[in-house]
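Breakdown of the fold
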Amino acid sequence: MAGDEAQVVFSSAADTTGNPGTFSSEGEPEKMQSIEIKIGQSTYSATLYENETVKSLMELLPLEVNMQDLNGNEKYFYLSQSLPCNAQPVSQIRAGDLMLFGSDCLVLFYKDFTTTYRYTKIGKLETVDGLEEALGDGAVRISFQLTE
């Protein structure tokens with residue numbers, strides 16, 4: 001699976017408080033920066049939070065990494081530099097959560113579970129259909145890119 005590629009599209013919309021997004025007067029999320037994540041043949045959309053972590057992560061794009069598996073529920077990669085972080089207890093992880101552990105560990109979760117760990121929220125996939133299968137077992141090559 002490590003050599004396979006897929007696409008995951010992220011659309012970011014958020015406010016500076018770390019909430020999932022800002023909304024228009026019609027109650028629709030306002031779209032901001034989009035990124036694309038390539039993993040296999042699957043395409044996913046997600047909303048990114050507007051915070052300093054996301055802003056700094058966007059400056060690193062494009063980024064192509066080998067994400068390792070941990071505990072059969074997440075893929076992670078240690079970035080070459082620290083990002084600003086505001087770790088909070090999350091208690092419940094959901095499949096499709098994209099978060100930062102510590103100041104330099106990018107994590108994409110593909111199963112739901114409870115945790116006592118603290119993370120800085122980056123974003124959330126809008127759908128997780130087929131995500132676990134696309135990520136597969138073990139390490140997987142994933143690229144994060146800005147979209148137009």
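From a predicted model like this one, the values you see are computed outputs, not experimental measurements.

**A word on the pairing of strand β5 (residues 74-78)**
Sheet faces and side chains relate simply in a regular strand, where the side chains alternate between the two faces. Taken together, the three bridges between strand β4 (residues 63-70) and β5 define a ladder with antiparallel strand orientation. The residue bridging Gln68 from the neighbouring strand is Tyr76, located in β5. In this antiparallel pair of consecutive strands, β4 and β5, the connection spans three residues, and Asn71 shows a positive phi of 60°.

**Quick look at the confidence of the model for the protein**
Looking at the protein as a whole, the pLDDT averages 79, with 74% of positions reaching at least 70. Mean pLDDT across the elements of the protein ranges from a minimum in strand β1 (residues 8-12), with 37, to a maximum in β5, with 98. Counting interchain partners and residues more than four positions distant, the pLDDT-below-50 stretch residues 1-31 has 102 contacts.

**A word on the nonpolar core**
With 27 residues, the main nonpolar core has Ile122, Leu135, Ile142 and Phe144 as its most contacted residues. Listed by contribution, the elements that provide at least two residues to this core are β2 (34-38), α1 (52-59), β4, β8 (97-101), β9 (105-109), β11 (118-125), α2 (131-135) and β12 (140-146). Membership of the second largest hydrophobic core comes to eight residues, among which are Val90, Met99, Phe109 and Tyr119.

**What to know about the pattern of salt bridges**
All told, the structure shown has six salt bridges when counted by the stated rule. Salt-bridge contacts for Lys75 lead to Asp69; the nearest nitrogen and oxygen are separated by 3.0 Å. Looking at Lys75, the relative accessible area reads 0%, which means it is buried. Residue class for Asp69 comes out partly exposed when judged on its relative accessible area of 26%. Its salt-bridge partner being Asp112, residue Arg94 comes within 3.9 Å of it at the nearest N-O pair. One end of the pair, Arg94, is in the loop between β7 (92-93) and β8; the other, Asp112, is in the loop between β9 and β10 (113-114), and 18 residues separate them in sequence.

**A few points about a nonpolar patch on the surface**
Taken together, the side chains of Tyr78, Phe101 and Tyr117 make up a nonpolar region of the molecular surface, amounting to roughly 330 Å² of accessible area. On the secondary structure map, Tyr117 appears in the loop between β10 and β11.

**Some thoughts on the side chain of Thr120**
Topologically, Thr120 is positioned in strand β11. What makes Thr120 buried here is its relative accessible area of 3%. Of note is the side chain of Thr120, whose polar atom sits 2.9 Å from the backbone nitrogen of Asn86. Ignoring any residue separated from it by four or fewer positions in sequence, one finds Thr120 in contact with Thr53, Cys85, Asn86, Ala87, Met99 and Leu100.

**Quick word on the environment of Leu146**
Mapped onto the elements of the fold, Leu146 is located in strand β12. Spatially, the C-alpha atom of Leu146 lies 9.5 Å from that of Leu63, the residues being 83 residues apart in sequence.

**A look at α1**
Taken together, the buried positions of α1 are Thr53, Val54, Ser56, Leu57 and Met58. If you check the start of α1, you find a side-chain oxygen 3.0 Å away from the backbone N of Thr53, and it comes from Asn51.

**Focus on the environment of Ile37**
Mapped onto the secondary structure, Ile37 falls in strand β2. As a C-alpha pair, Ile37 and Phe144 span 107 residues in sequence and 4.5 Å in three-dimensional space.

Rules behind the numbers
Residues numbered from 1 in each chain as written. Predicted model: local features only at pLDDT ≥ 70, side-chain atom pairs only at ≥ 80, totals over all residues. Heavy atoms only, no water. Pairing = 2+ DSSP bridges. Helix = DSSP H or I, 4+ residues; strand = E, 2+ residues; numbered from the N terminus. pLDDT = per-residue confidence, 0-100. Contact = heavy atoms within 4.5 Å. Core = buried A, V, L, I, M, F, W, Y, C linked by side-chain atoms within 4.5 Å. Buried < 20%, exposed > 50% of the residue type's maximum accessible area, 1.4 Å probe, protein only. Salt bridge = Lys/Arg side-chain N within 4 Å of Asp/Glu carboxyl O. Patch = residues over 30% accessible without salt bridge, like charges linked within 9 Å, V, L, I, M, F, W, Y side chains within 5 Å. Areas by Shrake-Rupley, 256 points an atom, 1.4 Å probe, with all protein chains shown as cover. Polar contact = N/O pair within 3.5 Å; in protein donor to acceptor, adjacent residues only side chain to side chain.

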